[in-house]
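# Topology and contacts: notes
Listed below, chain by chain, are the residues.
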There are 2 protein chains.
Amino acid sequence: MKKYPHSTRILVALDCIVFGFDGEQLKLLLIKRNFEPEMGKWSLMGGFLESNEDLEVATNRILYDLTGLKDIYFEEIKSFGKVDRDPVERTLSVCFFALINIHAHDQDSARAQNAYWIDLKSRPDLIFDHNEMVNIALERLRYKAALHPIGFELLPEQFTIPQLQKLYEAIYDSPLDRRNFSRKILSTHLLIDTGEKNQYGTTKKAILYKLDKEKYQRQFNAFHYFISDSMR
Amino acid sequence: MKKYPHSTRILVALDCIVFGFDGEQLKLLLIKRNFEPEMGKWSLMGGFLESNEDLEVATNRILYDLTGLKDIYFEEIKSFGKVDRDPVERTLSVCFFALINIHAHDQDSARAQNAYWIDLKSRPDLIFDHNEMVNIALERLRYKAALHPIGFELLPEQFTIPQLQKLYEAIYDSPLDRRNFSRKILSTHLLIDTGEKNQYGTTKKAILYKLDKEKYQRQFNAFHYFISDSMR
DNA sequence: ATTAAATTGTGTCATTTTAACACAGACATG
DNA sequence: CATGTCTGTGTTAAAATGACACAATTTAAT
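These lines cover the structure that appears in this document, whether it is placed above or below. Every chain's residues receive numbers from 1 upward, in the order its sequence appears when written. All chains are assigned letters beginning at A, and all ligands numbers beginning at 1, according to the order in which they are written. For a predicted model such as this one, the threshold for reporting local features is a pLDDT of at least 70, and the threshold for listing and counting side-chain atom pairs is 80 or more; totals across whole chains, interfaces and linings nevertheless cover every residue. The basis for every side-chain value is the complete set of non-hydrogen atoms in the structure, without hydrogens or water.

### Describing the relation of the copies chain A and chain B
What relates the pair of chain copies is a rotation about an axis plus a shift along that axis. Definition in use: For the least-squares superposition of copies, only C-alpha atoms count, and only for residues with pLDDT at least 70 in both. Contact criterion: two residues are considered in contact whenever any of their non-hydrogen atoms come within 4.5 Å of each other.
Mapping chain A onto chain B calls for a rotation angle of 180° and an axial translation of 0.0 Å; the resulting RMSD is 0.0 Å. Those values place the two copies in the arrangement expected of a two-fold rotation axis. By residue overlap, the copies meet face to face through one surface: 100% of the interface positions of chain A are interface positions in chain B.

This is the structure:
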């Protein structure tokens, strides 16, 4: 199979930062490693690119093995390619982040990988360069969510505007004005009033919305400026 | 050196879309291949990752070999990982774009690589998946330039506002309002009036500005909204 | 039953930003 | 010194933003 005279062939790994939202905090789905190397330590979910597998196929495989879900929203971040980043053997890691509805994934799949939801803010130290990966992923999430409606990927089918606001407040770790936020979100016309109201909560019940998926797809690449510059 | 039992080790290539601007059109620095495979055809500048070389080092090496320049602005775009993207042998390509001042690079370096500046609009067909790479790179350049002041990387040290506007018009392939553009650019306070004026041209001479590099670095990640949504 | 506390939905208003457009000054050419 | 072309700056109405206030809904406590 080697046809180029060039000799440097290396392992290609994929590492994934899986974000979730429990209604209060941003969470990461992290692996408590029960395999070598670095057994017992925490890491991102990852895997190696296989010989007859497209890169995107590998990404979907890894996400499926972890969550039991297909068609997950994910985005490539960058490749990590320091010579010594993996002390075992030289490995290029193509790093991406994924956004999932924390309640929709398959518990058994996560258990099989020894994966746990951990608060982003109180995450443990991770192996190799995975801490840096998480930091960059969070930056990228903040960047993207300020301009495009990706936040919805973290919420259930139906959700309220206060829920959505709490999500944005978790992402940017800072409070937002309720009234301006509401106006901003509604002005996108991406939300459809389901006519129902939130049944939980001990005060006034909020309107349940769902995403206008067609419109969402159509204008996904349009800028929305959800979060202003001064905010970030 | 193989320590993981996993067996799939592949070549890692880097491919670079080099953008330039001649005052009128966006240009690409493309290679007329005088080597196999696909000798005689056009391609992006690229190279393989070496065994003891960090990924960023390899990127800088490839750009240096092509242009004779160091500290070039570049940005990773994404990895291309289809199994058959290179018919010779499986190769993962980490793709990035670079912005250079078209007049500042070393001619001999480019000649040694058989590289030529080609109008983006009238570029030839490229090998492998390089056409797709260019399309995605242009999208990314448009995205980034709408929000961040990367356009300056394509211009000489000193430049006029009409020059800058022509650059933006080339990037977005559409005309901009002169007065609104000027106001937008000046409101960033990224430009320093050099006191000099453009000596070329047959009409009123435009003010030469230079970039406030310190401010540029400091607020590079701030949003500037150079180009409005409706524009894109 | 009434009230209090918490939360939701909507509205106001001054300020800023934007988009569309007009005019005057500078410069080479003839 | 008039003309054509390009540059710099100004104007104005409309839209968006940021900082607020107020009324309605709901549960729990009195």
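### Details of unusual backbone geometry
Basically, it comes down to this: By definition, any uninterrupted DSSP run of H or I lasting at least four residues is a helix, any uninterrupted run of E lasting at least two residues is a strand, and each is numbered from the N terminus. Categorising residues by exposure relies on relative accessible area from a 1.4 Å probe, with only protein chains included: less than 20% of the type maximum marks a residue as buried, more than 50% marks it as exposed, and the intermediate range marks it as partly exposed.
Backbone torsion omega between Glu36(A) and Pro37(A) reads -5°, so that peptide bond is classified as cis. Following the sequence through the fold, Pro37(A) ends up in the loop between β2 (26-32) and β3 (42-43). Even without being a glycine, Asn114(B) presents a positive backbone phi close to 60°. Taking relative accessible area as the criterion, Asn114(B) reaches 17% and is therefore assigned buried.

### Quick notes on the protein's contact with DNA strand D
Our working definition: Near is defined per residue: the residue qualifies when any heavy atom it owns lies within 4 Å of the molecule or strand. Under this definition, polar contacts are N or O atom pairs within 3.5 Å; protein pairs additionally need one hydrogen-donor-capable and one acceptor-capable atom, and for neighbouring residues in sequence, both atoms have to be side-chain atoms.
Lining the immediate environment of DNA strand D, one finds 17 residues, of which Arg179(A), Thr202(A), Arg178(B), Arg179(B) and Ile207(B) sit closest. Restricting attention to atoms of DNA strand D within 4 Å of the protein, one finds that 47% of them are sugar or phosphate atoms. At 2.8 Å, a side-chain N or O of Lys184(A) approaches a phosphate oxygen of DNA strand D. Within the contact set of DNA strand D, a base oxygen lies 2.7 Å away from a side-chain nitrogen or oxygen of Arg178(B). Elements with a minimum of two residues in the surface near DNA strand D: α5 (178-187) of chain A together with α5 (178-187) of chain B.

### A few points about the interface of chain A and chain B
For clarity, the threshold we go by: Each salt bridge in this description consists of a side-chain nitrogen of Lys or Arg and a carboxyl oxygen of Asp or Glu lying within 4 Å of one another. Side-chain classes are defined by residue name, with Ala, Val, Leu, Ile, Met, Phe, Trp, Tyr, Cys and Pro counting as nonpolar, Asp, Glu, Lys and Arg as charged, and the others, Gly among them, as polar. When DSSP finds two or more bridges between a pair of strands, those strands are recorded as paired.
If you look at the interface, chain A gives 45 residues, while chain B gives 46 residues. Taken together, chain A and chain B are joined by four salt bridges. In this structure, Glu56(A) and Lys82(B) form a salt bridge, with 2.8 Å as the shortest nitrogen-oxygen distance. Our enumeration of links across chain A and chain B arrives at 30 residue pairs in polar contact (both at pLDDT 80 or more). The set of elements that each furnish at least two residues to the side of chain A that touches chain B consists of β1 (9-21), α1 (55-67), β5 (73-80), β6 (91-99) and α3 (130-147) of chain A. Grouping the constituent residues of the side of chain A that touches chain B by class yields 20 nonpolar, nine polar and 16 charged. Judged from the three bridges that link them, β1(A) and strand β1 (residues 9-21) of chain B form a sheet pairing that is antiparallel. In the strand pairing of β1(B), Ile10(A) is matched with Ile10(B).

### Some words on the nonpolar core
Put simply, the test is: We define a nonpolar core as any set of buried Ala, Val, Leu, Ile, Met, Phe, Trp, Tyr and Cys residues linked to one another through side-chain atoms lying within 4.5 Å.
The biggest cluster of nonpolar side chains holds 102 residues, and the ones touching the most others in it are Ile17(A), Phe19(A), Ile17(B), Phe19(B) and Leu26(B). Look past the residues within four positions of Ile17(B) in its chain and what remains in contact with it is Leu28(B), Leu44(B), Ile77(B), Cys95(B), Phe96(B), Phe97(B), Ala98(B), Met133(B), Val134(B) and Ala137(B). In this structure, Ile10(A), Leu55(A), Phe96(A) and Ala98(B) belong to the second largest nonpolar core, which totals 44 residues.

### With respect to the packing of aromatic side chains
Going by this rule: Here a pair means two rings of Phe, Tyr or Trp (six-membered ring of Trp) with centres within 6.5 Å. Their orientation is stacked below 30 degrees between planes, edge-to-face above 60, and tilted elsewhere. The criterion for a charge sitting over a ring is simple: Lys NZ or Arg CZ within 6 Å of the ring centre, and within 35 degrees of the ring normal.
Overall, the coordinates contain 27 aromatic pairs over all chains when judged by the stated rule. Geometrically, the ring pair formed by Phe223(A) and Tyr225(A) is tilted, given 5.9 Å between the ring centres and 50° between the ring planes. The exposure class assigned to Phe223(A) is buried, which follows from its relative accessible area of 4%. Between Tyr168(B) and Tyr172(B), the aromatic rings sit 6.3 Å apart at their centres with planes inclined by 20°, giving stacked as the arrangement. Of this pair, Tyr168(B) and Tyr172(B) both sit in helix α4 (residues 161-172), four residues apart, which is roughly one turn of the helix. Residue classification places Tyr172(B) among the buried positions, given a relative accessible area of 8%. Here the aromatic residues Tyr143(A), Phe223(A), Tyr225(A), Tyr143(B), Phe223(B) and Tyr225(B) are joined through ring pairs into a cluster of three or more. In this structure, Lys70(A) is placed above the aromatic ring of Tyr64(A), and the distance from its NZ or CZ to the ring centre is 4.9 Å.

### Overview of the environment of Ala115(B)
Residues and elements named next belong to chain B. With respect to the secondary-structure elements, Ala115 resides in strand β7 (residues 115-119). A residue is classified by how much of its surface remains accessible, and Ala115, at 9% relative accessible area, is buried. For the pair Ala115 and Leu28, spaced 87 residues apart in sequence, the C-alpha to C-alpha distance is 9.6 Å. Sequence-distant contacts of Ala115, that is, excluding residues within four places in its chain, are made with Leu29, Leu30, Ile31, Leu66 and Ala110.

Bear in mind that shape data such as this cannot, by itself, settle questions of function.
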